[in-house]
Amino acid sequence: MPLAVTNTPSAVFNLTSALSLAGVAAVGFIAYTGSTILLPKHARWQDRYTFIWLAFDALIHFGFEGSWLSLSTFGRQVNSSQGPLAQMWKDYSAADFRWGIADPTVVSLEILTVLGAGPMCCYILKQLVQNDPARHYWIIVLCTAELYGGWMTFCPEWLTGSPNLNTSNPFHLWVYLFFMNMIWVVIPLWLMIDSYGHISASLRTTQALEKGKSRHKKS
């Protein structure tokens, strides 16, 4: 069934939804453009995709989630706010009511996300451009934090019967609740596996060299 684009909040897909997705697509385009400018042409495809993801991640944290945090602190909340970004978050809060009422657990997690994960993304991007292998440690730290944030966002809901989640709208269910959250599970897991491979290979190489030097000294 085709999705109707209207301005009514009850519609499966409305104008605010379309503009929100356009904003996310624009962030993705900026992240991709940054990778073509700042990374060398011969960069590993894994590093290029990592750069795109981290740039996208940082921009989402600072721009989208930062706006929500601003609207949801100091006694305010999205449901009583006005403006384009407030409308975007009102549309999202139709799927997860906590984002409209400044739920304290979500606010606490978003403080860490915006003020912690966002700057960490930028730091790892700097390391990527400089080809600093130390980035793999910080990638694992970042991904662990983001996986924890996702778990603490949804696990309390699941344990209490998901009273704040509305899955009646298929767009909200599959795009807002499922896709927009699952990418912060699948991609961090992939990054952790990639960085684990680099760290473990480096440690094993160092260990083998040390054993070789030790045998050489004994002989």
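All values derive from a computational prediction rather than experimental measurement.

### Describing the overall build of the protein chain
At step 1: Secondary structure summary: the protein chain contains six helices and two strands in total.
At step 2: Ordered by position from the N terminus, the helices and strands of the protein chain form the series β-β-α-α-α-α-α-α.
At step 3: Each principal axis of the C-alpha distribution contributes one length, and for the protein chain these read about 80 × 40 × 40 Å.
At step 4: Split by element, the accessible area of the protein chain, about 12,500 Å² in all, is 70% carbon and sulfur.
At step 5: Taken together, the 14 basic and 12 acidic charged side chains of the protein chain have centroids lying 17 Å from each other.

### Some words on the UniProt feature "domain: EXPERA" (unreviewed entry) in the protein chain
At step 1: Per the UniProt record, "domain: EXPERA" (unreviewed entry) is annotated on residues 46-192.
At step 2: Span residues 46-192 is 75% helix and 0% strand, its end C-alpha atoms 12 Å apart.

### Here's the deal with the packing of helix α4 (residues 104-129) against helix α5 (residues 135-159)
At step 1: Axis separation between α4 and α5 bottoms out at 10 Å; the angle between their running directions is 160 degrees. In terms of axis orientation, α4 runs roughly antiparallel to α5. Of the two elements, α4 crosses α5, and the hand of that crossing is left-handed. Across the interface between the two elements, Thr105, Leu109, Ala117, Met120, Cys121, Tyr123, Ile124, Gln127 and Leu128 of α4 pack against Arg135, Trp138, Ile139, Val141, Leu142, Glu146, Gly149, Met152 and Thr153 of α5.
At step 2: Residue classes in the contact of α4 with α5 are distributed as 12 nonpolar, four polar and two charged.

### Things to note about the pattern of salt bridges
At step 1: Across all of its chains, the model carries four salt bridges by this definition.
At step 2: One salt bridge connects Asp194 with Arg44, and the closest N-O pair in it is separated by 3.4 Å. Taken together, the positions of Asp194 in helix α6 (residues 170-218) and Arg44 in the loop between α1 (15-38) and α2 (45-71) put the pair 150 residues apart, joining distant regions of the chain.
At step 3: Residue class for Asp194 comes out buried when judged on its relative accessible area of 16%.
At step 4: The structure contains a network of salt bridges with shared partners spanning Arg44, Asp47, Arg135 and Asp194.

Calculation rules
- Every chain is numbered on its own, with residues counted from 1 as its sequence reads.
- Local features in a predicted model are, by the rule used here, given only for residues with pLDDT of at least 70; side-chain atom pairs are given and counted only at 80 or more, and totals for whole chains, interfaces and linings are based on all residues.
- Side-chain descriptors were evaluated using all non-hydrogen atoms of the structure, hydrogens and water having been removed beforehand.
- Helix and strand labels come from DSSP, where a helix needs a run of H or I of at least four residues and a strand needs a run of E of at least two; each type is numbered from the N terminus.
- With residues, only the protein chains shown are counted as cover, and all accessible areas are computed by Shrake-Rupley using a 1.4 Å probe.
- For the purpose of charge, His is not counted, nor are the chain termini; Lys and Arg are scored as positive and Asp and Glu as negative.
- Where a charge lies is defined by one atom per residue type: Lys uses NZ, Arg uses CZ, Asp uses CG and Glu uses CD.
- UniProt positions are given in the numbering used here, feature names are shortened, and annotations may be inferred rather than shown by experiment.
- In this analysis, axes come from line fits to C-alpha atoms, helices being fitted only over the stretch in contact, and the angle between any two N-to-C directions falls in the range 0 to 180 degrees.
- These descriptions rest on fixed angle ranges, namely under 35 degrees for roughly parallel, over 145 for roughly antiparallel, 65 to 115 for roughly perpendicular, and the rest for oblique.
- Should the near helix be turned counterclockwise from the far one by less than a right angle, the crossing is left-handed, whereas a clockwise turn marks it as right-handed.
- What makes two residues a contact is simply this: any of their non-hydrogen atoms within 4.5 Å.
- Three classes are used: nonpolar for Ala, Val, Leu, Ile, Met, Phe, Trp, Tyr, Cys and Pro, charged for Asp, Glu, Lys and Arg, and polar for all others, with Gly counted as polar.
- Whenever Lys or Arg places a side-chain nitrogen within 4 Å of a carboxyl oxygen from Asp or Glu, that contact is recorded as a salt bridge.
- The buried label goes to any residue with under 20% of its type's maximum accessible area, the exposed label to any with over 50%, and the partly exposed label to all in between, with areas taken from a 1.4 Å probe on protein chains only.

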